[in-house]
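# Remarks on the overall topology
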Amino acid sequence: MISSRITKRFMVALADFIILDFSLYLSLCLRALSIIDINKFLSVFYPFLIIIIATICIFYMYGLYDKMTVRIYNELDKRIISSILLSSILGAIIFYGSHIFSIAPKTILVIYILIAGFLIFIWRKYARIFVKSHMDNKILLVGSGEELKELKEELDNNQIINAKKVDIIDLSTYRDLDIYTKIKNKIQNEGFNVLAINMHHQYVKNDIALFYELLLENVNIINFANLYEEVLGKIPLENIDAGWFFNNLYDKQNKFYEKTKRLVDIILSLPAFLISLIFYPIVFVVIKIQDGGNVFYISERIGKNNKPFKLYKFRSMTDVKSDKIDVASKSEASRVTKFGDFIRKTRIDELPQLINVLKGDISLIGPRPELPKLVTEYSNQIPFYGIRHTITPGLSGYAQIYQDQKSVPKFGLSTDATKIKLSYDIFYLKHRSFVLDISLMIKTVRVLIGKTGL
């Protein structure tokens, strides 16, 4: 079955670890101009282990152990180079700033960075050869809408999944109710061995028992929504119904998880808030010099169980609104000041939201809260939109990490982009856990460093 299994990711991480160890050994040999013995290597390896582990963490932060979608593969060179550069900077700080390292000469680190960077880049460029699927999958997708085309395009071009053939039947354009016969004939005539079908569609769900006959013909039958979720890491809103929510999200409230998550929020946000106070006088002075307006922007947002709350941010727009500008208009972008643009890109404007975290209005991780006016519009236009308000919103979230930045809604009403964001939010609702929260916290650091995201 098509899958990006944890085992494969672990093997890739193990290979990274071995390459980094080998790079250190080569560095020591090159510096000594001879083959060194194991004892000499271990005397350097143990203190160097801090740098190696930090490097693996940075690789994880940059998504080098994520499912290899087409979008991530297209960004692979940039992600590899960025992670190597950051790990080199961090390694230099640790190496030269810690008393743990009594290694001489210090040029060993420079040699190590050059060798490790080269070997990791080459290995990661061609790692797909070792982790790609070797199954002869011919996949027939039966679903509807843009999500059907999106999944087909991903499967056609994904070099890890390596599907031999992919075709579709679009239920939204199909009018013959005898869909089973059409599917069966297509499978028999063209040799498909995987059928990914929208089991929630009205043309399918009443006759779903018929499709199980195809199991006798060695056809692997799976729900379209499950394959879409596994491959793309989000939920296909057009190909699910209310029954899907009851089956997948009902009774997801875990009191121990919720209480522990709240405790973690306080433990992490309190010191972060105290450290952030050093920015307050700087922002205060610059904003007052800029236009003399309010330092803080306080807006109402919708939180858990549709309860409104006041969200705090440093003001990044002009303090006085024009009567011609609607709050739900993209022309709001014209109100961003030069200093406001800077604090937005560096995320300094969001530091006061740590107050909201401490108050319990938001969590460190969760769906981003929206304006009441936008919530009303989206609730009317997007099915299941309100489901995102069943949990506490977040300072950062799954959508902020994984949504393509080209499709992120920036200002005002943006229904299509918000549908995409909701598909990621619901994925988080389904899979939220301590492990996922920690993963998103780590990857938020990359968003901050790269000045990307919302």
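One structure accompanies this document, and this report is about it. The model shown is predicted, which means the values in this text are computed figures rather than measured ones.

Conventions and cut-offs
- The numbering scheme is per chain: residues are counted from 1 as the chain's sequence reads.
- Predicted model: local features are reported for residues with pLDDT of at least 70 only, side-chain atom pairs are reported and counted for 80 or more only, and whole-chain, interface and lining totals are derived from all residues.
- By convention in this description, side-chain values take in all heavy atoms of the structure and omit both hydrogens and water.
- In this description a helix means any DSSP run of H or I spanning at least four residues, a strand means any run of E spanning at least two, and both kinds are numbered starting from the N terminus.
- Per-residue accessibility, obtained with a 1.4 Å probe over protein chains only, is compared with the maximum for each type, and a residue is labelled buried under 20%, exposed over 50%, and partly exposed between these values.
- What makes two residues a contact is simply this: any of their non-hydrogen atoms within 4.5 Å.
- Per-residue and other accessible areas follow the Shrake-Rupley method at a 1.4 Å probe size, with only the shown protein chains counted as cover for residues.
- Centres within 6.5 Å are what make two rings of Phe, Tyr or Trp a pair, Trp counting through its six-membered ring; a difference in plane orientation under 30 degrees is then read as stacked, over 60 as edge-to-face, and the rest as tilted.
- Think of a patch as exposed residues, more than 30% relative accessible area, with no salt bridge, where like charges cluster within 9 Å and nonpolar side chains (Val, Leu, Ile, Met, Phe, Trp, Tyr) cluster within 5 Å.
- Here, a salt bridge means any Lys or Arg side-chain nitrogen found within 4 Å of an Asp or Glu carboxyl oxygen.
- With a 1 Å grid laid over protein atoms only, a set of points is called a cavity when a 1.4 Å probe fits there but cannot get out and a pocket when it is open yet has protein on both sides within 12 Å along at least five of seven lines; lining residues have an atom within 4 Å of a point.
- Grid points are joined across faces, edges and corners, and a volume is the space filled by probe spheres set on the points.
- Only Asp, Glu, Lys and Arg are considered charged in this grouping, and only Ala, Val, Leu, Ile, Met, Phe, Trp, Tyr, Cys and Pro are considered nonpolar; every other residue, Gly among them, is considered polar.
- We call two strands paired when DSSP finds no fewer than two bridges between them.
- To obtain an axis, a line is fitted to C-alpha atoms, over the contacting stretch when the element is a helix, and the angle between two such axes runs from 0 to 180 degrees between their N-to-C directions.

Here the focus is the overall build of the protein chain. Helix and strand counts for the protein chain stand at 20 helices and eight strands. Looking at the 454 residues of the protein chain, the share that counts as buried comes to 48%. In the protein chain, the proportion of contacts linking residues at least 24 apart, taken out of those at least 6 apart, comes to 75%. Accessible surface for the protein chain amounts to roughly 22,800 Å². Of this, 62% is attributable to carbon and sulfur atoms.

Another point: the packing of aromatic side chains. Aromatic rings considered in pairs are described by the distance between their centres and by the relative angle of their planes. Taken as a whole, this structure holds 18 aromatic pairs when the rule is applied. With a centroid separation of 5.2 Å and 85° between ring planes, the pair formed by Trp244 and Phe245 is classed as edge-to-face. Look at Trp244 and you get buried, because its relative accessible area is 3%. What makes Phe245 buried here is its relative accessible area of 9%. Through a chain of ring-to-ring contacts, three or more aromatic side chains come together here, namely Tyr25, Phe41, Phe45 and Tyr46.

A few words on a nonpolar patch on the surface. A cluster of nonpolar side chains, Phe10, Met11, Leu14 and Ile18, forms an exposed patch at the surface whose accessible area comes to about 400 Å². Mapped onto the fold, Phe10 is located in helix H1 (residues 6-32). Judged by relative accessible area, Phe10 falls into the exposed class, the value being 53%.

This part covers the environment of Ser316. Relative to the helices and strands, Ser316 resides in the loop between strand E6 (308-314) and helix H15 (338-345). Each C-alpha atom, one on Ser316 and one on Ile343, is 7.2 Å from the other, the two residues being 27 residues apart in sequence. Ignoring anything within four residues of it in the chain, the contact list for Ser316 reads Arg335, Val336, Thr337, Gly340, Ile343 and Arg344.

Turning our eyes to something else, we now look at the layout of surface pockets. Looking at the second largest pocket, its volume works out to about 1,200 Å³. Every residue lining the second largest pocket is counted, 41 residues in all, and those nearest its centre are Lys67, Leu232, Gly233, Tyr398 and Tyr402. Secondary structure elements with two or more residues in the lining of the second largest pocket: H1, helix H3 (70-74), helix H7 (145-157), helix H11 (224-232), helix H18 (398-402), helix H19 (415-431) and helix H20 (434-450). When its residues are assigned to classes, the lining of the second largest pocket shows 16 nonpolar, 11 polar and 14 charged.

On to the sheet that holds strand E4 (residues 220-223). Judged by pairing direction, the sheet is parallel, and its four strands sit side by side in the order E2-E1-E3-E4 without closing on themselves. Because the sheet does not close on itself, it has two edges, and the strands there are strand E2 (165-170) and E4. Geometrically, the sheet is characterised by an average inter-axis angle of 20° between neighbouring strands, direction not taken into account. The pairing of strand E1 (residues 138-143) with E2 spans six bridges and is parallel. Its bridge partner lying in E2, Lys138 is registered against Lys165. Helix-sheet contacts for H7 involve E1 and E2, and the interaxial angle to E2 is about 175°.

To continue, consider the pattern of salt bridges. Pairing between side chains of opposite charge can happen when the charged atoms of each approach one another. For the coordinates displayed, the defined rule picks out 19 salt bridges. Across the pair Arg388 and Asp425 runs a salt bridge whose closest N-O atoms are separated by 3.0 Å. Of this pair, Arg388 sits in the loop between helix H17 (372-381) and strand E8 (394-396) while Asp425 sits in helix H19; the two residues are 37 residues apart in sequence, bridging distant segments of the chain. A relative accessible area of 3% places Asp425 in the buried class. Through salt bridges with shared partners, a single network forms among Lys165, Asp167, Lys186 and Glu190.

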